[in-house]
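# Descriptive analysis of the structure
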Amino acid sequence: MSHPEKEPSILIVEDDPLFAALVATRLRIEGMQSIECPGGREALEMVGRRPLDLVILDIMMPEVDGYQVLQHIRSTAETARLPVIMLSASTEPADVEKGLALGANYYVTKPFNAADLVRKVRLCLEERKAPRPATRGGDARS
Amino acid sequence: MAESLDVLCLSTEPARWAEVKATLGGLPGFAMNLRVADPREGVGDLRHVDLVIVMIGTDPSSGLRLIDHVHRSGAHVLALSHDQNPETLIKAIRAGADDYLAAPASPPELLRVCIKISTLRAYNKPDDAARGEVWVVYGPKGGVGSTTLVANLGVALCAAQRSTALLDLDVYSGDLACFLNLSTNYTLRDVITNFQRLDAVFLRSTMIAHSSGMHLLAAPTPPADQPLLEVSGEQTQAILELLDGMHDVTLVDTPGVPSASTRAALTCADRILLVTELNIPALGSCVRALDWLRAEGVDVATTVDVVVNKHTGRSWEIPAAEAARRLGLPIRALLPRDDAAAWTAINNGLPLHDLRATTPLERAIVDLAQRNPSPADTQSKRTNFLRLFSSAESRP
């Protein structure tokens with residue numbers, strides 16, 4: 001985890017710019033690059049146009065929500081295996097199941113702290129590198 | 001000057017303690033307060049530990065259980081293991097490890113972890129230059145319209161392009177969310193019950209956005225069958241410190257009861273809006289509140305703005321000049337009584353700004369939002385937060 005490697009590139013899709021900036025700063029401290037994206041519509045344009053290692057995706061966004069962005073990511077050949085962490089204020093089992101069924105690697109429910117999120121990011125990145133297929137799972141605890 | 005780090009090293013193998021101790025002791029720029037412990041005999045107090053190093057031995061499961069236990073304290077957890085298996089790494093992260101190194105860790109690797117912890121300290125405690133202002137609205141008599149003022153002052157601040165957070169500290173009957181027609185998923189209760197996990201990201205994820213652009217951390221609904229939420233002064237200061245680092249203005253609504261959280265908010269406020277009506281009981285409560293603030297070392301002349309609410313100018317009110325004389329402070333604002341506007345706004349969950357016509361009440365609140373800080377104010381703010389930190393340091 002602390003070995004010098006290429007910095008992972010992470011897209012943060014979040015309509016609260018302060019929240020996105022806080023997450024981006026924390027990821028930078030962890031040695032990760034991040035790109036902030038203010039909404040789902042913009043995310044549809046950005047995903048696939050630049051190399052990414054992971055997407056942090058808020059669900060509740062105006063116009064195009066996180067579910068729609070996730071569907072786009074999974075249905076596009078170039079990004080179908082791109083790890084996605086979904087963020088939501090909802091702990092409703094139906095919402096969690098929907099996110100996971102659409103292919104989210106993790107579903108993190110608010111409130112969570114930066115360390116919680118960084119661990120999920122590291123898990124996704126390590127699982128992608130590991131020889132075994134990535135374990136997919138939700139996390140309604142965080 | 002070397003930065004101090006409190007480090008706890010947990011291992012069942014004493015030989016490995018010495019190895020880590022020697023490496024940590026030689027890291028430049030850091031002075032290590034190192035404690036070593038055998039986890040089979042307990043890990044002790046983790047509250048003030050910056051870094052917990054967990055040695056994963058030949059049986060990874062016990063080390064992983066230990067990580068799961070210690071990471072809940074909020075300390076940064078570094079897993080050290082001879083096991084290079086990626087599965088062990090993934091399990092360690094799942095258990096709660098923040099960093100993972102192959103043992104024996106080299107000095108540059110450990111130094112990188114220590115630098116990260118140092119950087120995270122700054123991330124969680126922004127410096128004075130990044131701070132905004134804390135404005136506390138306090139009506140010691142109760143029922144004088146503090147919440148109406150907070151809701152509408154917040155909207156006025158947002159309209160003036162100042163990023164604004166609202167904090168409802170009224171655990172007795174806080175209803176700022178209701179005033180703004182916001183339904184909340186999370187409240188102050190979630191913050192307090194997860195206090196060891198609190199950071200800026202956690203705090204922001206408990207707040208709800210209002211259409212004006214401000215964000216609210218709502219008070220919990222008091223449960224009928226449970227005790228009231230207790231918020232300590234230390235917790236209040238920590239929350240305010242985080243909010244203050246993220247917003248131009250943090251606007252705090254307080255109950256009339258001088259609870260520990262209310263007192264903490266008042267003593268670290270950059271501006272106190274003391275809300276009263278022009279009658280004897282309300283002014284008497286304000287006099288007592290001012291006496292208490294002076295005793296706490298608050299410079300009331302530069303910090304407190306007296307706001308008279310529901311002002312009618314009728315003969316049965318105590319004249320404003322007489323009220324100012326009794327309080328020993330000038331009256332900063334007279335907010336006119338406008339029941340039609342105030343009640344319409346409250347009952348529709350709207351700020352006054354969203355009513356059809358601009359009212360004198362709204363204009364008076366907008367005027368109150370304009371405050372040009374003078375050098376004296378800046379000095380006052382710095383002093384207030386120094387007081388905040390020194391009180392934290394003096395705690396046993």
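None of these values were measured; they are calculated from a predicted model.

### Points about the overall build of chain A
What chain A contains, in helices and strands, is 5 helices and 5 strands. Listing the helices and strands of chain A from first to last along the sequence gives β-α-β-α-β-α-β-α-β-α. For chain A, the proportion of its 142 residues judged to be buried stands at 44%. Sequence separation of 24 or more characterises 61% of the internal contacts of chain A that already satisfy a separation of 6 or more.

### Details of unusual backbone geometry
Here the bond from A:Lys110 into A:Pro111 is cis, since omega is 0 degrees, no more than 30 degrees from zero. Examined against the element boundaries, A:Pro111 turns out to sit in the loop between β5 (106-109) and α5 (114-129). Unlike most non-glycine residues, A:Glu63 shows phi in positive territory, near 65 degrees. A:Glu63 gets classed as exposed once you count the C-beta atoms within 10 Å, which come to 10. Even without being a glycine, B:Asn181 presents a positive backbone phi close to 55 degrees. In this structure, B:Asn181 sits in the loop between α6 (176-179) and α7 (188-193).

### Notes on the packing of helix α1 (residues 17-29) of chain A against helix α4 (residues 107-124) of chain B
Where α1(A) meets α4(B), the axes come as close as 10 Å, and the angle between the chain directions of the two elements is 165 degrees. Compared by their axis directions, α1(A) and α4(B) come out roughly antiparallel. Note that α1(A) runs across α4(B); the crossing there is right-handed. Contact residues: α1(A) offers A:Thr25, A:Arg26 and A:Ile29, while α4(B) offers B:Lys116, B:Thr119, B:Leu120 and B:Tyr123. Looking at the contact of α1(A) with α4(B) residue by residue, the class counts come to 3 nonpolar, 2 polar and 2 charged.

### What to know about the interface of chain A and chain B
Accessible area lost during the coming together of the parts is what is often quoted as the interface size. Tallying the contact residues gives 25 residues for chain A and 30 residues for chain B. When residues of the side of chain A that touches chain B are traced back to their parent elements, those giving at least two are α1 and α5 of chain A. If one sorts the elements of the side of chain A that touches chain B by residue count, α5(A) sits on top with 9 residues. When the residues that make up the side of chain A that touches chain B are grouped by side-chain class, the tally is 14 nonpolar, 3 polar and 8 charged.

### A short note on the domain arrangement of chain B
What the domain assignment reports for chain B is domain 1 (3-124) and domain 2 (128-393). For domain 1 of chain B versus domain 2 of chain B, the separation of C-alpha centres amounts to 42 Å.

### Some points on the pairing of strand β3 (residues 51-56) of chain B
Residues and elements named next belong to chain B. Most of β3 is tucked away, with 6 of its 6 residues classed as buried. The side-chain alternation of β3 yields two buried faces, one formed by Leu 51, Ile 53 and Met 55 and the other by Val 52, Val 54 and Ile 56. Two strands pair when backbone bridges link them, and strand β1 (residues 3-10) and β3 are joined in this way by 4 bridges, in the parallel orientation. Paired with Val 7 across the bridge in β3 is Leu 51. Relative to strand β4 (residues 76-81), β3 is paired through 6 bridges, and the arrangement is parallel. Among the inter-strand pairings, Val 54 is bridged to a residue of β4, identified as Ala 79.

Analysis parameters
- Residues numbered from 1 in each chain as written.
- Chains lettered and ligands numbered in written order.
- Predicted model: local features only at pLDDT ≥ 70, side-chain atom pairs only at ≥ 80, totals over all residues.
- Helix = DSSP H or I, 4+ residues; strand = E, 2+ residues; numbered from the N terminus.
- Buried ≥ 20, exposed ≤ 12 C-beta atoms within 10 Å, placed from the backbone.
- Contact = placed C-beta atoms within 7 Å.
- Axes fitted to C-alpha atoms, helices over the stretch in contact; angles between N-to-C directions.
- Parallel < 35°, antiparallel > 145°, perpendicular 65-115°, else oblique.
- Left-handed = near helix turned anticlockwise from the far one by under 90°.
- Nonpolar A, V, L, I, M, F, W, Y, C, P; charged D, E, K, R; others polar.
- Domains from an automatic or database assignment.
- Pairing = 2+ DSSP bridges.

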